[in-house]
Amino acid sequence: AQKVTQAQTEISVVEKEDVTLDCVYETRDTTYYLFWYKQPPSGELVFLIRRNSFDEQNEISGRYSWNFQKSTSSFNFTITASQVVDSAVYFCALSEANNFNKFYFGSGTKLNVKP
Amino acid sequence: NAGVTQTPKFQVLKTGQSMTLQCAQDMNHEYMSWYRQDPGMGLRLIHYSVGAGITDQGEVPNGYNVSRSTTEDFPLRLLSAAPSQTSVYFCASSYGGEGYGYTFGSGTRLTVV
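Residues numbered from 1 in each chain as written. Chains lettered and ligands numbered in written order. Predicted model: local features only at pLDDT ≥ 70, side-chain atom pairs only at ≥ 80, totals over all residues. Heavy atoms only, no water.

With that settled, the discussion passes to the state of the cysteines. Residue and element names in this part refer to chain A. Per the stated rule, a full pass over the model turns up two disulfides over all chains. The residue that forms a disulfide with C23 is C92, at a sulfur-sulfur distance of 2.0 Å. One disulfide, between C23 and C92, carries an S-S torsion of -65 degrees and so falls in the left-handed class. Of this pair, C23 sits in the loop between β3 (19-21) and β4 (24-26) while C92 sits in strand β10 (residues 88-96), and the two are 69 residues apart along the sequence. Comparing C23 with C92 shows no difference in burial state: the two are buried. (Disulfide = S-S within 2.5 Å. Helix = DSSP H or I, 4+ residues; strand = E, 2+ residues; numbered from the N terminus. Buried < 20%, exposed > 50% of the residue type's maximum accessible area, 1.4 Å probe, protein only.)

Once that is clear, we can look at the packing of aromatic side chains. A full pass over the atoms with the stated rule returns 22 aromatic pairs over all chains. On the basis of an interplanar angle of 50 degrees and a centroid distance of 6.0 Å, the ring pair of Y35 of chain B and F104 of chain B is categorised as tilted. With Y35 of chain B in strand β4 (residues 31-37) and F104 of chain B in strand β10 (residues 103-104), this residue pair connects regions lying 69 residues apart in the sequence. The same class applies to Y35 of chain B and to F104 of chain B, which are both buried. Through a chain of ring-to-ring contacts, the aromatic side chains of F35, Y37, F47, F91, F103 and F105 of chain A together with Y35, F90, Y102 and F104 of chain B assemble into a single cluster. Sitting above the plane of the F74 of chain B ring, R68 of chain B keeps its charged end 5.9 Å from the centroid. (Phe/Tyr/Trp six-rings, centres within 6.5 Å; stacked < 30°, edge-to-face > 60°. Lys NZ or Arg CZ within 6 Å of the ring centre and 35° of its normal.)

Moving on to the confidence of the model for chain A. Looking at chain A as a whole, the pLDDT averages 93, with 100% of positions reaching at least 70. Between the elements of chain A, mean pLDDT differs from a low of 84, seen in strand β11 (residues 99-105) of chain A, to a high of 98, seen in β3 of chain A. (pLDDT = per-residue confidence, 0-100.)

Spelled out as structure tokens, the structure:
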């Protein structure tokens with residue numbers, strides 16, 4: 001069965017701290033995709049990154065980085081030198097090769113960055 | 001380029017009423033989906049469509065109907081609203097195929113009293 005677990009319900013940090021958001025997934029497929037979305041207080045969902053199951057290279061985009069480890073079924077997201085504008089709910093999601101249309105979302109992690 | 005447009009943004013319904021949530025996209029995406037977001041549960045798939053005339057059920061389809069007569073539009077109908085359908089509803093679209101992410105609309109906050 002497909003499942004995405006984001007065990008951290010809420011995290012609070014002070015600006016400029018580094019923070020890692022955890023994502024653990026379950027799937028029987030060997031081909032799948034993992035995503036991170038950001039939902040700021042305004043409510044819209046913003047796409048951050050897509051990763052396929054055959055590409056385990058870590059990715060860095062500015063202050064954001066992602067660590068994909070198939071051995072532990074994890075796709076963690078790190079924000080370096082956090083800023084107040086990073087305050088949002090972050091969702092991890094999974095889609096599988098047998099049906100790319102179906103996204104399975106985690107329950108989200110609310111990140112509070114305090115000045 | 002408007003992306004994915006949802007209307008209305010807010011709606012209050014009485015139990016038993018019916019209504020249609022509208023969703024339109026102007027990106028010529030084949031794939032469209034409806035999700036509901038409830039506190040502590042993330043987003044759950046209600047219905048999805050892989051093209052005009054083709055729809056299928058997601059994880060939580062009961063109480064909802066969809067149709068896809070055009071590529072652009074994918075309305076979600078609540079047949080007889082219940083308080084359990086109080087939620088935020090998101091429509092999303094995608095080119096489809098391997099690994100493409102979805103573009104989401106801004107959401108409709110629905111309250112059923």
